[in-house]
Amino acid sequence: MSTPATHIPSLRRQWFGALGAMLAWGMDFLLRYAISWSACVTLWQNFVLFEPHTVRLLLMVLTLVTGAVAASAGITAWRIGQALNEACGRSLPDQRSTPDPFARTRFMAVLGQFMAALFMFGILLQAVPGLLLPVCE
Amino acid sequence: MMGQSQTPGPSGNLTGVANEDPAFRSEVSDDTFQALRKTWEPPEKGLRRLSTVQNGPIALRYFVLILLLFLAAGAMAMLMRTQLIVPENNFLSPGRYNEMFTMHGTTMMYLVAVPIVAALATLILPQIIGTRDMPFPRMTQLGFWAFLFGVVFLYSSFFFGAVPHRGWFTYPPLSLKDYSPGMGMDFWLLGLGLIEVATMGGAIEMIVAILKTRAPGMSLNRIPVFAWAMLTFGFMIIFGFTPFLVGTTFLELDRLIGSQFFSAENGGNPMLFVHLFWIFGHPEVYIQFLPAAGMLSMIIPTMAGRPIVAYTGVVLSIVATGFLSFGLWVHHMFTTGEPALSMSFFTASSMTISILSGVQVFAWIATFWGGKPQFNTVALWALGSIFTFVAGGLTGVMLASVAFNTQAHDSFFVVAHFHYVLLGGVIFPVFAALYYWLPKKTGKMLSEKLGQWNFWLVFIGFHVAFFPMHLSGLRGMPRRTYTYPSDIGLDWPNFISSLGAYVIAIGFALFLLNVLVSQFKGKKAEANPWNAGTLEWASPMPLVPPPFITIPIVRSRYPLWQQESVEVGDEPSERIVRGLARSPTDYRAIAITSVADAEPEAAVWIPGTSYWPLVVAVALALFFLGVISKMYWLAGGGLVLTVASLFGWFWPTAKQRELIRPDGPAMLHGFPMDPTGTRATGWWAMALTIAILATALATTLLSYYYLRLTPLAEAGPRLPVWPPAGIGLPELMLPTTATLVLLASAGLMCWAEAGIRQGQQGRLRLGMGAAWVLGAVFVGMQAALCLRSDLRVQGSAYESIFLVTLAFHIALTVAGLLIGGFVQGQAWMGLINRWRWLPVQNAALFWYFVAAAWVLTFAVLYLSPRVI
């Protein structure tokens, strides 16, 4: 069996797992608002790019891209957690006697999984109105 | 990770004993102990007190000032409620009523709710994270002075008969010179400008403290929830306050020099300000709420006698709420003509954020439920907060619906909602925190009996005052209106609300009485009066600096419950904490730890008492005073004095110079004293400063596109002419040349930085010198660009945004040159070498930012009009 240390991914991957979904939601939100605002409020509204059916298409593509980034962050976090479980077992050691040396990594992994669930839900919630509502009204 | 089964230590008592206990400083001799105390204690006599940088005395000053402001805001609320107690009352004139609600809102939102959490953090955060002091103590002092001078500015408007009267939001066009000709709005804008600068400085300090100065072993999964909340608070201030600062600067420029950002007839758009205000305004609510929620997450486990339930969920909730709060601003603008699709995104994020608040509320309830709660005053405030905040949250979900919001908008229903959220979610937790932590400062417990009277009067008075406002709002009573007609169903709700307000006032008066009485007759506080598990209770009671002679070593989330000792850890941790307990004794030093795992990385000097922050604050106040009174010589003098005093502030002290070694790295207990890059607190401070400036630049450039794409006066099927008719496209040759000059300068800076890493002093001096000269040439070219163009800032919105963006970048470049010159001075004095070159790294970082900012500015101002 390999040692737990060999299973620990880089800190950069851990940060991506923990915060990637949140950043994906942020990007989704900003671009979604920018697209709808450009199509409906600004003087760009008569451009081909901002016709209703292209706006719907753009929003759908945006959902897929940002949703995929959020999902990959969640999967990264889940895989980090799995790797630790395989290496160290699921049970958490009692910190008073032997502190878990991977407690912080585990914490970031769990955080990342919840973050991904929450922000994928957020991205989905923002996608629904684009399917139901008229684009500019 | 912490298991839920873990409960308070062996006897439920603190196991990491206080510093006063000889056992805790078993290896520290009395002489060393006294010498350390002497080095860390604040000056106690006369005017020397003005130079104190210690967090405890400064926090006390904040408390006193904020308490006075709270009383002032409360008095104004009483006047308003007296006016509204009966219909068609003439107690206040309409104009006076406008002034009262403006100053009440301004005081509570800007001068009480945010500063009080910052003050509590100033007092308690270093102890909570197990460090001796904040990493930039002079910044703590500057924050207080700038806040004080900002408050004096704002409130001096009463003496000049120019009280601000356009609400805490100051929307144009009402706030423009045409409709608000006096100086009231200028007092408001510049007073808050000073306070915002102070707040952002404080935010940088808190972020760096939490990321880099935590006790060894306090890895991310062990950070106390309050520290997570303050970390989020810091980032929110950086990214939230900056757009507001840009918006208020535009507004002041419109008023002061006649720029046209918000004048619809000249291509401006008042809606730009509304966006900038609410991009700040909605996060502002969470800037206040999250630290308060963090306080509850510290207090409730103590009151329940068990660790908080779902720590990870609570942390997630805090961080994600901070992030999501930037996606809610348009829900304050549902009636401004936004397209339905856009509004639906904001409804979605408003709904999502309520899930996160729910996570925290359930965690608090479960913690109480699963523990053995003590129902004292602190617990009552915490429970009252949960009850009231949940009620306010429910009406928040109602208001997130576009359909409901359109009906309830601008009515007293909204007033009821945000008072439920802000008093329930901020003021109640703050009072819980004051009862909980104030003994740490005073050494005296507050009276339980008076405390319970205080709570019940405020709690009952609050619901009596604000619940009827839901009804008066639904019956059509508008906000910000000084009276109402009788017999339309508003008489009784208003009468009851006013009675409730008086009861609240009596309740808060009891708190003051309690504080005063406890000072004379209060019970002496024990070392850990609440039997809490977090580190602040391992520091002396009452607090004396430094809070930790021996910095604690953390191996759990509740060290005082779950560790037998806070002195035992791995070798590097023990080496740094035991080493710092013995030396240095003649200057202040703290431990620097890594961001993720809090492993010891360095031991660094931090400054002691100093007058420089006071001088900087006075200089800034002179600058603002000069602007407000249009005495530009005074403003210029203030600016020069600010720069000069910053030089004095940052110039290495005699002790720092003494510590520099020419033949190797300065070391303390085996750890470097001059770290660079992400190990250095100074690097983080510079990176965060750049984040603020980058946000300001992004806001300015996005404002450019906003004005370009949504001119109110020129709607039509095609894009309007841009630049407006009569103004040619900006020239390209000179700015292109300037771009090349600046990029060359950045390249030279990079060469110089690489040189000093290898110890090549000559290369450093030559490279930085040449970079500086090219930078100066670049500024000359920018000045020529301004002078050669025919643009007038008063001409149109295009000209205003063009010239102001250019001026902003000139200011950045000049700042970069000043920093560069300052660092070169150090290099020539022999204060920079291959082991101490953080100043060069920071100067270079800033200069690269200046170059990147110019490339972006050039692309937007000069290239984009030719492309789109």
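These numbers were taken from a predicted model, which means no experiment stands behind them. (Residues numbered from 1 in each chain as written. Chains lettered and ligands numbered in written order. Predicted model: local features only at pLDDT ≥ 70, side-chain atom pairs only at ≥ 80, totals over all residues. Heavy atoms only, no water.)

A. Structural context of the overall build of chain B. Broken down by element type, chain B carries 24 helices and four strands. Against the compact-globule benchmark of 29 Å for 868 residues, chain B has a radius of gyration of 28 Å, which places it among compact chains. Projected onto its principal axes, the C-alpha positions of chain B cover 85 × 80 × 50 Å. Partitioning the intrachain contacts of chain B with sequence separation of at least 6 by distance along the chain shows that 81% fall at a separation of at least 24. Surface accessibility of chain B: about 29,800 Å² in total, with carbon and sulfur atoms responsible for 69%. Of the side-chain charges in chain B, 50 are positive and 42 negative, and the distance between the mean point of each set is 4 Å. (Helix = DSSP H or I, 4+ residues; strand = E, 2+ residues; numbered from the N terminus. Rg over C-alpha atoms; globule rule 2.2 N^0.38 Å. Contact = heavy atoms within 4.5 Å. Areas by Shrake-Rupley, 256 points an atom, 1.4 Å probe, with all protein chains shown as cover. Lys, Arg positive; Asp, Glu negative; His and termini not counted. Charge placed at Lys NZ, Arg CZ, Asp CG, Glu CD.)

B. Main features of empty space enclosed by the protein. Residues and elements named next belong to chain B. Here the structure, examined in full by the defined rule, presents six cavities of 30 Å³ or more. Approximately 290 Å³ is the volume attributed to the largest cavity. Lining the largest cavity are 23 residues; nearest its centre among them are Tyr62, Ala118, Ala198, Thr199 and Gly202. Counting only elements with at least two residues in the lining of the largest cavity, the list comes to α3 (94-128), α4 (137-156), α5 (184-212) and α6 (225-256). The element that contributes the greatest number of residues to the lining of the largest cavity is α5, accounting for nine residues. Of the residues belonging to the lining of the largest cavity, the class tally is 15 nonpolar, five polar and three charged. (1 Å grid on protein atoms, 1.4 Å probe; cavity = no way out; pocket = protein on both sides within 12 Å on 5 of 7 lines; lining within 4 Å. Points joined across faces, edges and corners; volume = space filled by probe spheres on them. Nonpolar A, V, L, I, M, F, W, Y, C, P; charged D, E, K, R; others polar.)

C. A look at helix α18 (residues 632-650) of chain B. For α18 of chain B, with 19 residues, the first-to-last C-alpha span of 27 Å sits near the 27 Å given by 1.5 Å per residue. Buried-residue contacts for α18 of chain B involve α4 and α17 (612-628) of chain B. (Expected span 1.5 Å × (residues − 1).)

D. Up close: the pairing of strand β2 (residues 600-606) of chain B. Residue and element names in this part refer to chain B. Taken across its seven residues, β2 has seven buried, putting it largely inside the fold. Sheet topology places strand β1 (residues 588-593) next to β2; six bridges connect them, and they run antiparallel. Opposite Thr593, over in β2, you have Pro600 as the bridge partner. Between β1 and β2, which pair antiparallel one after the other, the connecting turn spans six residues, and Ala598 there sits at a positive phi close to 55°. (Buried < 20%, exposed > 50% of the residue type's maximum accessible area, 1.4 Å probe, protein only. Pairing = 2+ DSSP bridges.)

E. Molecular detail of the pattern of salt bridges. All names here are of chain B. If you walk through the whole model with that rule in mind, you get 13 salt bridges over all chains. Where Asp186 meets Arg255, a salt bridge forms, and the shortest distance between an N and an O atom there is 3.0 Å. Note that Asp186 is positioned in helix α5 and Arg255 in helix α6, a separation of 69 residues in sequence. Judged on exposure class, the residue Asp186 and its partner Arg255 are both buried. With its nearest N and O atoms 2.8 Å apart, the salt bridge here joins Lys655 to Glu658. Here Glu658 and Lys655 lie together in helix α19 (residues 654-659), a separation of three residues that amounts to about one turn. Each of Lys177, Asp186 and Arg255 takes part in one network of salt bridges that share partners. (Salt bridge = Lys/Arg side-chain N within 4 Å of Asp/Glu carboxyl O.)

F. Examining the nonpolar core more closely. Residues and elements named next belong to chain B. With 306 residues, the main nonpolar core has Tyr110, Leu125 and Trp437 as its most contacted residues. Considering each element in turn, this core owes the most residues, 21 residues, to α3. Other than its neighbours up to four places away in sequence, Tyr110 contacts Gly105, Pro115, Trp168, Trp188, Leu192, Ile195, Phe244, Phe277, Phe280 and Glu284. Membership of the second largest hydrophobic core comes to 11 residues, among which are Ala581, Ile592, Ala602 and Ile606. (Core = buried A, V, L, I, M, F, W, Y, C linked by side-chain atoms within 4.5 Å.)

G. Up close: the packing of α5 of chain B against α6 of chain B. Residues and elements named next belong to chain B. Interaxial distance between α5 and α6 falls to 8 Å at its minimum, and their mutual angle equals 155°. Here α5 is positioned roughly antiparallel relative to α6, judged by the angle of their axes. Viewed along their axes, α5 and α6 form a crossing whose handedness is left-handed. Here the contact of α5 with α6 is composed, by residue class, of 22 nonpolar, five polar and four charged. (Axes fitted to C-alpha atoms, helices over the stretch in contact; angles between N-to-C directions. Parallel < 35°, antiparallel > 145°, perpendicular 65-115°, else oblique. Left-handed = near helix turned anticlockwise from the far one by under 90°.)

H. How the structure looks around the environment of Tyr179 of chain B. Take Tyr179 of chain B: it is sitting in the loop between α4 and α5. Among the residues examined, Tyr179 of chain B registers a relative accessible area of 47% and is labelled partly exposed.

I. Quick look at a nonpolar patch on the surface. Residue and element names in this part refer to chain B. Together, Trp456, Ile460, Val464, Trp492, Phe495, Ile496 and Leu499 line one region of the surface with nonpolar side chains, adding up to about 650 Å² of accessible area. Going through the elements one at a time, α13 (448-474) and α14 (491-521) are the ones with two or more residues in the nonpolar patch. Broken down by element, the residue count for the nonpolar patch peaks at four residues, all from α14. Tracing the chain through its elements places Leu499 in helix α14. (Patch = residues over 30% accessible without salt bridge, like charges linked within 9 Å, V, L, I, M, F, W, Y side chains within 5 Å.)

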